[in-house]
Amino acid sequence: MTDTKNRTQKETDFIMFPTVDVCFAGLMENPIVRKGFCGAIMGISPEMIGETELLPTHTRRENIRDKLGILDVLVKLKDGTRINMEMQLRYFEFWDERALFYLSKMFAGQLELGDSYEKLQKCIHVSILDFVRFPEDEKCYRTIHFRDDESKDIYNDKMELKILELRKLPKEVKTGEEIVNWMRFLNGKSREEFELMAGKNEYLGEAYEALQRLSADDRRRLEYEERDKALKDYNTQMNSARRQGQKIGEEIGEKRGEEIGEKRGQKIGEEIGINAGIQLTLKVLNLYAEGKTAEEIMTECGTSIEKVRMILQNVKDGI
């Protein structure tokens, strides 16, 4: 009886974390929440946003564990502005290139064959990162445009990047920083934190209510838990990959060092081998997580099929 009661209490206390992308995407399905967050992103009152439309995106999956990727949310505002939002928990080596790629794709994707360029509306890519991208300062959010190198004047404001670094959130929020309030909510890890942020304004209050509804929905909870497990499995694989990559690199380095013959040459050879092994292993794992076959990975990495299979098997064995 006690076990059943404890289990029931645990299920009642369960709350999703918005940093898991399926939860964030679920929150953005709510038009009030969407309006509030978009207003904070744009730095304007949500009332000025008007109606928003949730558009289909390129990374939706039929199965949440199928080809582990980054789920995104694409929103169209009343004035035609498009905002693409992506939640990223783990360090992504080429995140800048990815953001620019999808910003460009979103911008160009507005036109049909024969359309005039004057139809192009503003596009914003929002990166919500749970890792530090800019370690040289303490700013937790920033806006990036195309600018003239000398005058610093904006060349064109129709393409824009917003980068939110959750790990750099300040202890205190300055008046008027709505985007920081939203970042605190998205980074919440307990009901108490969500309740505290819910009192800041009606939009965050609606976000907390929406979060509670999502957390109480059995189907959504299953999807959330599957996604969370997939992300944890991936992180475990990557950690294992680093260990295996270092081991492979040391073996390569020893071999190269022996061929060089001299002690100094062996040290250089080992360093080259370790780095090469780690880089190859991480690249293989990233491509595998994207759903690539061993043959496709072999081609993209410029290595042998045997080495690809050995890396994948070693990582599985190391989990």
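For the structure itself, consult the block above.
Residues numbered from 1 in each chain as written. Predicted model: local features only at pLDDT ≥ 70, side-chain atom pairs only at ≥ 80, totals over all residues. Heavy atoms only, no water.

Caption draft 1: Structural view of the overall build of the protein. A tally of regular secondary structure across the protein gives 11 helices and 6 strands. Scored against the burial criterion, the 319 residues of the protein give a buried share of 44%. Of the roughly 18,500 Å² of accessible surface on the protein, 49% is carried by carbon and sulfur atoms. (Helix = DSSP H or I, 4+ residues; strand = E, 2+ residues; numbered from the N terminus. Buried < 20%, exposed > 50% of the residue type's maximum accessible area, 1.4 Å probe, protein only. Areas by Shrake-Rupley, 256 points an atom, 1.4 Å probe, with all protein chains shown as cover.)

Caption draft 2: Quick look at the packing of aromatic side chains. Taken as a whole, this structure holds 9 aromatic pairs when the rule is applied. Plain terms: the ring middles of Phe101 and Tyr102 are 4.9 Å apart, the flat faces sit at 80° to each other, and that makes the pair edge-to-face. Ring pairs connect the aromatic residues Phe24, Phe37, Trp182, Phe185, Phe194 and Tyr208, which therefore count as one cluster. One residue, Arg133, lies across the ring of Phe134, its end atom 4.3 Å from the ring centre. The lysine or arginine in question, Arg142, covers the ring of Phe134, its NZ or CZ lying 3.9 Å from the ring centre. (Phe/Tyr/Trp six-rings, centres within 6.5 Å; stacked < 30°, edge-to-face > 60°. Lys NZ or Arg CZ within 6 Å of the ring centre and 35° of its normal.)

Caption draft 3: Local environment of helix 4 (residues 95-108). Its 14 residues give helix 4 an end-to-end C-alpha distance of 20 Å, which sits within 8% of 20 Å, the value for a rise of 1.5 Å per residue. Taken together, the buried positions of helix 4 are occupied by Trp95, Arg98, Ala99, Tyr102, Leu103, Met106 and Phe107. An end-on view of helix 4 places all buried positions within 160° of arc, on one side of the element. Where helix 4 is buried, its residues contact strand 2 (72-77), strand 3 (82-88), strand 4 (123-129) and strand 6 (154-165). (Expected span 1.5 Å × (residues − 1). Arc of directions from axis to C-beta. Contact = heavy atoms within 4.5 Å.)

Caption draft 4: Local environment of the nonpolar core. In this structure, Phe24, Phe37, Met85, Ile128 and Phe185 are the most contacted members of the largest nonpolar core, which totals 48 residues. By residue number, the principal contributor to this core is helix 7 (residues 202-216), which donates 7 residues. Among residues more than four places away in sequence, those in contact with Ile128 are Phe24, Phe37, Glu86, Met87, Gln88, Leu164, Leu166 and Leu186. Ranked by size, the runner-up nonpolar core spans 16 residues in total, among them Leu74, Trp95, Phe107 and Leu120. (Core = buried A, V, L, I, M, F, W, Y, C linked by side-chain atoms within 4.5 Å.)

Caption draft 5: Layout of a negative patch on the surface. Where like charges cluster on the molecular surface, the negative patch consists of Asp148, Asp149, Glu150 and Asp153. Relative to the elements of secondary structure, Asp153 occurs in the loop between strand 5 (141-147) and strand 6. (Patch = residues over 30% accessible without salt bridge, like charges linked within 9 Å, V, L, I, M, F, W, Y side chains within 5 Å. Salt bridge = Lys/Arg side-chain N within 4 Å of Asp/Glu carboxyl O. Lys, Arg positive; Asp, Glu negative; His and termini not counted. Charge placed at Lys NZ, Arg CZ, Asp CG, Glu CD.)

Caption draft 6: Seen up close, the packing of helix 3 (residues 31-42) against helix 7. Interaxial distance between helix 3 and helix 7 falls to 9 Å at its minimum, and their mutual angle equals 135°. Overall, the two elements helix 3 and helix 7 adopt an arrangement that is oblique. Crossing handedness for the pair helix 3 and helix 7: left-handed. On helix 7, the residues touching Ile32, Val33, Lys35 and Gly36 of helix 3 are Tyr203, Glu206, Ala207 and Ala210. (Axes fitted to C-alpha atoms, helices over the stretch in contact; angles between N-to-C directions. Parallel < 35°, antiparallel > 145°, perpendicular 65-115°, else oblique. Left-handed = near helix turned anticlockwise from the far one by under 90°.)

Caption draft 7: A look at the sheet that holds strand 5. With mixed pairing, 6 strands are arranged side by side in an open sheet as 1-2-3-4-6-5. Unpaired on one side and paired on the other, strand 1 (52-55) and strand 5 mark the two borders of the sheet. Ignoring which end each strand starts from, the neighbouring axes of this sheet average 25° apart. Bridge count between strand 1 and strand 2: 4 bridges; the pairing is antiparallel. Across the sheet, the residue bridging to Thr52 is Leu77, located in strand 2. Docked against the sheet, helix 4 engages strand 2, strand 3, strand 4 and strand 6, running at close to 150° with respect to strand 4. (Pairing = 2+ DSSP bridges.)

Keep in mind these numbers describe shape, not what the thing actually does.
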